[in-house]
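# Examination of the molecular architecture
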Amino acid sequence: MAGEEVARSGTLMELDLLDCPICCHALTIPIFQCDNGHIACSSCCAKLRNKCPSCALPIGNYRSRIMERVLEAVFVPCPNAKHGCTEKFSYGKELVHEKDCNFSLCYCPAPNCNYTGMYKDLYSHFYANHDNSWNLFGCGNSTGAWLRMSEKLLVLQEYRGGPLVAVQCFKEPQGVYVTVNCIAPSVPGVGEYSYKLSYKMPMGGNTMTFKSPEMNRIQKVSFETPEKDFMLVPYYFLGEQSALKMEICIHKLEKYEEEADEEEDEDEDEEEDEDDDDYDEEE
Ligand SMILES: [Zn+2]
Ligand SMILES: [Zn+2]
Ligand SMILES: [Zn+2]
Ligand SMILES: [Zn+2]
């Protein structure tokens, strides 16, 4: 396109110039300035009752138009650029994107393994490197999930090298908390599952069931006690067992079927045998 001006670009060495000097969060428009040129974001102006903390002059009436233009002109790469993400964002927005970036790193859940990689690479790494043949699952099928209390973690994997699911237990005063998380970034179409976990009391006792319409996704297994989304198994339910013998049924969610990338397509033939909500508590 002849005649069109090529935008010149440079490098901003101190990106934190684009943070509000008061609250240190990324600036957003509108940006205000006092008569001395000190700047503040709009929420800081409100908190400071429009009094500049540097010089006590009023702040909040005049916009810092030039700072707003600078802010609009700055583009920063995704923090995962080094892993191949090519997206660029206006300042501050890149952190919002990072949470659901396809290039976010996931950590191998195998004990003593330091591998990190993109979720797809992690799944094939795990399938190839960690003998987990006892703990494979197929979507829609009930699978035994026998979690040794001493190990605290059981990793299930979709049987063709698909997603990894971490089942964990936490001994707490009220009982044992059991969590189920998929190891995946929060990207649409990735690691979206529902699950049903059931635990049957030994000696033919009661069964308790925990159903979740959407499995949480995590990039790294954490051993911190969860605050929510866990099944609580009271101690009287456990008996003398050293392992939680549970059944788990994992279903792939259909909601992003349209956008799902090709790599996910192979999972779709599994979904015909979808059996919803057919589970009742057995007394
Ligand atoms: Zn601020
Ligand atoms: Zn001032
Ligand atoms: Zn990215
Ligand atoms: Zn590993």
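Let us look at the structure shown here. Keep in mind the model is a prediction, meaning the values are calculated, not measured. By convention here, each chain's residues receive numbers from 1 onward along its written sequence. Whichever chain is written first becomes A and whichever ligand is written first becomes 1, with later ones labelled in order. Local features are withheld for residues below a pLDDT of 70 in this predicted model, meaning they are given only at 70 or higher, and side-chain atom pairs are given and counted only at 80 or more; totals for whole chains, interfaces and linings count all residues. Here the side-chain values reflect all heavy atoms present in the structure, with hydrogen atoms and water set aside.

## Looking at the overall build of the protein
The helix and strand tally for the protein stands at six helices and 17 strands. Taking all 283 residues of the protein together, the buried fraction comes to 41%. Residue pairs at least 24 apart in sequence account for 55% of intrachain contacts in the protein once pairs closer than 6 positions are excluded. Total accessible area computed for the protein in this model is approximately 16800 Å², and 50% of it derives from carbon and sulfur atoms. Secondary structure counts use DSSP, requiring at least four H or I residues in a row for a helix and at least two E residues in a row for a strand, with both numbered from the N terminus. Exposure classes here rest on a 1.4 Å probe applied to the protein chains alone. A residue is buried below 20% of its type maximum, exposed above 50%, and partly exposed in between. Contact criterion: two residues are considered in contact whenever any of their non-hydrogen atoms come within 4.5 Å of each other. Reported accessibility uses the Shrake-Rupley method at a 1.4 Å probe radius. Residues are deemed covered only where the shown protein chains occlude them.

## Points about the coordination of the zinc ion (ligand 2)
Protein-derived ligands of the zinc ion (ligand 2) are Cys-34 (SG), His-38 (ND1), Cys-52 (SG) and Cys-55 (SG), with the metal-ligand distances lying across 2.0 to 2.3 Å. Around the zinc ion (ligand 2) sit four donor atoms; with metal-centred angles ranging over 101 to 117 degrees, the donor geometry is tetrahedral. Donor residues for the zinc ion (ligand 2), ordered by position in the chain, follow C-x3-H-x13-C-x2-C. Pair noted here: His-38 is in the loop between strand E1 (31-34) and strand E2 (39-41) and Cys-52 is in the loop between helix H1 (42-47) and strand E3 (59-63), with a separation of 14 residues, a long-range link. Taking relative accessible area as the criterion, His-38 reaches 29% and is therefore assigned partly exposed. Given a relative accessible area of 3%, Cys-52 falls into the buried group. Counted as coordinating are nitrogen, oxygen and sulfur atoms within 2.8 Å of the metal, or 3.2 Å for Na, K and Ca, while water is not included, which may make sites look incomplete. The rule is simple: four donors are tetrahedral if all their angles sit between 85 and 135 degrees, four are square planar and six octahedral if opposite donors span more than 155 degrees and the others lie between 65 and 115, and anything that fits none of that is irregular.

## Concerning the coordination of the zinc ion (ligand 1)
Surrounding the zinc ion (ligand 1) are the protein donor atoms Cys-20 (SG), Cys-23 (SG), Cys-41 (SG) and Cys-44 (SG), at 2.2 to 2.3 Å. Around the zinc ion (ligand 1) sit four donor atoms; with metal-centred angles ranging over 105 to 114 degrees, the donor geometry is tetrahedral. Every donor residue of the zinc ion (ligand 1) comes from the same chain, spaced as C-x2-C-x17-C-x2-C. Taken as a pair, Cys-23 in the segment before E1 and Cys-41 in strand E2 lie far apart in primary sequence, 18 residues in all. Under the relative-accessibility criterion, Cys-23 is labelled partly exposed at 24%. A relative accessible area of 7% places Cys-41 in the buried class.

## Observations regarding unusual backbone geometry
What is expected of a backbone is that most residues other than glycine have negative phi and most peptide bonds are trans. With an omega dihedral of 5 degrees, the bond running from Ile-29 to Pro-30 counts as a cis peptide bond. The phi dihedral of Cys-24 is positive, around 65 degrees, even though this residue is not glycine. As for its placement among the helices and strands, Cys-24 is situated in the segment before E1. A relative accessible area of 53% means that Cys-24 is categorised as exposed. In this structure, Ala-56 is a non-glycine residue whose phi angle is positive, near 70 degrees. With respect to the helices and strands, the residue Ala-56 is situated in the loop between H1 and E3.

## Observations concerning the pattern of salt bridges
Salt bridge, as applied in this entry: a Lys or Arg side-chain nitrogen positioned within 4 Å of an Asp or Glu carboxyl oxygen. With the rule as written, the count across this model stands at five salt bridges. One salt bridge in this structure joins Glu-158 and Arg-160, with 3.0 Å as the shortest N-O distance. Residue class for Glu-158 comes out buried when judged on its relative accessible area of 1%.

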